[in-house]
Amino acid sequence: MSALWSVGAGLLLLLLWVRHRGLETVLVHHRWVFVCFFLMPLSILFDIYYHLRAWAVWRLHSAPRQHAQRVRHIQEQVREWKKEGSKRYMCTGRPGWLTVSLRVGKYKKTHKNIMINLMDVLEVDSERQVVRVEPLVSMGQLTAYLNPMGWTIPVVPELDDLTVGGLIMGTGIESSSHIYGLFQHTCVAYELVLADGSLVRCSPTENSDLFYAVPWSCGTLGFLVAAEIKMIPAKKYVKIHYKPVRGLQKICEKFTEESKKKENSFVEGLMYSLDEAVIMTGVLTDEAEQSKINRIGNYYKPWFFKHVEKYLKADRTGVEYIPSRHYYHRHTRSIFWELQDIIPFGNNPVFRYLFGWMVPPKISLLKLTQGEAIRKLYEQHHVVQDMLVPMKSLEKSIQTFHVDLNVYPIWLCPFILPNDPGMVHPKGNETELYVDIGAYGEPKSKQFEARASMRQMEKFVRSVHGFQMLYADCYMTREEFWDMFDGSLYHKLREEMNCKDAFPEVYDKICKAARH
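Let me sum up the structure you'll find in this document. Each chain has its residues counted from 1, following the order in which its sequence is written. Totals for whole chains, interfaces and linings use all residues, but because this is a predicted model, local features are given only for residues with pLDDT of at least 70 and pairs of side-chain atoms are given and counted only at 80 or more. Derived side-chain values reflect all non-hydrogen atoms in the structure, with water molecules and hydrogen atoms excluded from consideration.

Turning our attention to the pairing of strand β14 (residues 383-390). Side chains on a regular strand alternate between the two faces of the sheet. The rule is simple: take the accessible area with a 1.4 Å probe, protein chains only, and divide by the maximum for that residue type; under 20% is buried, over 50% is exposed, in between is partly exposed. Strands here mean DSSP runs of E at least two residues long; helices mean DSSP runs of H or I at least four residues long; both are numbered from the N terminus. The element β14 is largely enclosed, with a buried count of 8 among its 8 residues. Strand pairing is defined by DSSP finding a minimum of two bridges between the two strands. In this sheet, strand β16 (residues 432-441) lies alongside β14 in antiparallel orientation, the contact comprising 8 bridges. Note on β16: the bridge partner recorded for D386 is G438. In this structure, β14 lies alongside strand β17 (residues 467-468), joined through 2 bridges in antiparallel fashion. Looking across to β17, one finds that L388 is bridged to F467.

Below you can see the structure in the form of structure tokens.
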């Protein structure tokens with residue numbers, strides 16, 4: 001009872017302090033207080049609810065039975081929109097703050113919201129090696145479902161809360177993408193409700209134009225209601241090799257060399273400065289040396305990027321065996337390295353052991369509670385960007401990132417880009433090796449100014465025939481946007497399927513120059 005009184009007294013004092021300082025001042029200058037005492041416990045409650053729901057659905061085997069009914073409800077909403085005269089664009093009714101993207105979608109307030117409550121795994125087909133899922137299934141949910149069955153998916157993008165729908169309509173990548181490509185390239189079929197309320201299945205052999213146009217379309221061709229994704233056999237561990245490399249040219253050479261090796265199940269690079277990096281390669285295995293097993297996903301363990309940095313500081317190579325699911329979600333606890341800006345002491349051993357089990361706070365809750373002051377502060381003094389550039393332009397790209405942003409660590413992730421139809425493909429007629437350069441944090445470049453600096457970055461990426469991930473702030477004009485992306489198939493289908501009155505163009509939905 002005395003412990004409860006102590007907690008109650010502590011919370012009372014905290015509330016009095018917040019009242020004295022002002023809520024906005026606390027949220028901006030002492031955000032860790034709000035995150036630690038409110039958002040982290042609330043995130044735990046969210047997780048408990050979704051885990052219990054997923055368990056109940058699995059026990060009752062209700063998802064496949066209810067799926068058809070839920071899809072019919074979506075079709076009814078679309079047909080009702082048509083009866084009302086199709087006066088407004090349609091969009092999903094999922095609140096904007098629930099998405100992992102940091103962008104605030106104001107269009108939700110003016111568009112017709114179609115409620116899509118589809119968040120379950122529908123079927124595991126072991127013979128075809130395909131899993132059929134609804135669009136709101138998350139990566140954490142999917143790996144937890146498949147791994148005990150001995151399966152996984154070829155590309156498991158980082159962060160537990162990323163959803164299948166977001167990774168298809170936007171994009172997704174992981175350190176296995178040098179073999180399998182982007183998340184969209186591991187999908188074998190999509191099911192969509194179109195602007196006329198009809199339900200359509202598309203694949204490389206059935207409605208193929210639609211199949212190739214859906215990725216990167218951000219929900220502007222129809223409502224995704226199910227997807228079929230390839231599966232591969234899961235193994236217990238990832239045997240990971242850490243290799244520190246110094247000198248930009250050597251870093252690029254080593255990273256390119258390892259990315260071309262198909263025997264590497266995973267390839268990843270973390271750059272800690274312009275000329276210092278750790279290149280990691282991994283292979284899936286069922287055998288492990290017990291003394292070298294590192295369960296990096298345990299709540300009390302150091303954040304992964306800090307753990308990797310130890311090899312750079314000690315200037316030594318290393319080998320570890322990481323349990324597969326821990327590896328797939330290795331950057332989740334620290335949200336890559338974004339959490340260090342919110343909770344500066346988050347990697348302290350005392351904090352990890354006492355409160356690490358509540359980390360990370362939900363990105364959706366961080367968005368919901370950030371307020372206008374923090375949003376503007378982040379917009380002007382913070383970057384979260386992924387630029388996809390040809391591997392041959394890696395060295396020049398890193399130099400450009402350094403001059404324009406100077407944000408470290410930088411994430412390097414290779415991927416193979418096939419010459420498929422759609423918005424994103426290589427300039428030539430052949431498959432090409434690309435790399436995702438991820439910059440997340442506060443720019444240290446003295447001349448950084450959000451709009452001007454990002455437009456300069458976007459111009460460079462277009463010049464090397466690269467692409468910008470569309471979850472992030474985009475400052476391009478319409479002409480520049482369609483110079484970066486191939487809109488030929490996309491615009492053709494929007495015309496043929498009468499999408500122009502039903503959904504906004506993707507540019508109008510995501511680019512700052514178009515949003516109001």
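All right, on to the pattern of salt bridges then. Counted as salt bridges are all cases of a side-chain nitrogen of Lys or Arg within 4 Å of a carboxyl oxygen of Asp or Glu. Scanning the model with the defined rule gives 29 salt bridges in all. The salt bridge partner of R455 is E480, with a shortest N-O separation of 2.9 Å. Here R455 is found in helix α17 (residues 450-463), whereas its partner E480 is found in helix α18 (residues 478-484), with 25 residues between them in sequence. A relative accessible area of 23% means that R455 is categorised as partly exposed. By sharing partners, the salt bridges in this structure join D125, R128, R201, E206 and E228 into a single network.

Taken in spatial order, the 5 strands of this open sheet run β3-β4-β8-β6-β7, and their pairing is antiparallel. The open sheet terminates on both sides in strands that have one partner only, identified here as β3 (121-125) and β7 (199-202). Going from strand to strand, the sheet's axes swing by 15° on average, the running direction of each strand aside. Pairing between strand β6 (residues 187-193) and strand β8 (residues 223-230): 6 bridges, direction antiparallel. The residue bridging C187 from the neighbouring strand is I229, located in β8. Two residues qualify as a contact provided that any one of their heavy atoms is within 4.5 Å of a heavy atom in the partner residue. Orientation is described by axes fitted as lines to C-alpha atoms, over the contacting stretch for helices, and by angles from 0 to 180 degrees between their N-to-C directions. Sheet contacts for helix α5 (residues 139-146): β3 and β4 (130-133); angle to β3, the most-contacted strand, approximately 40°.

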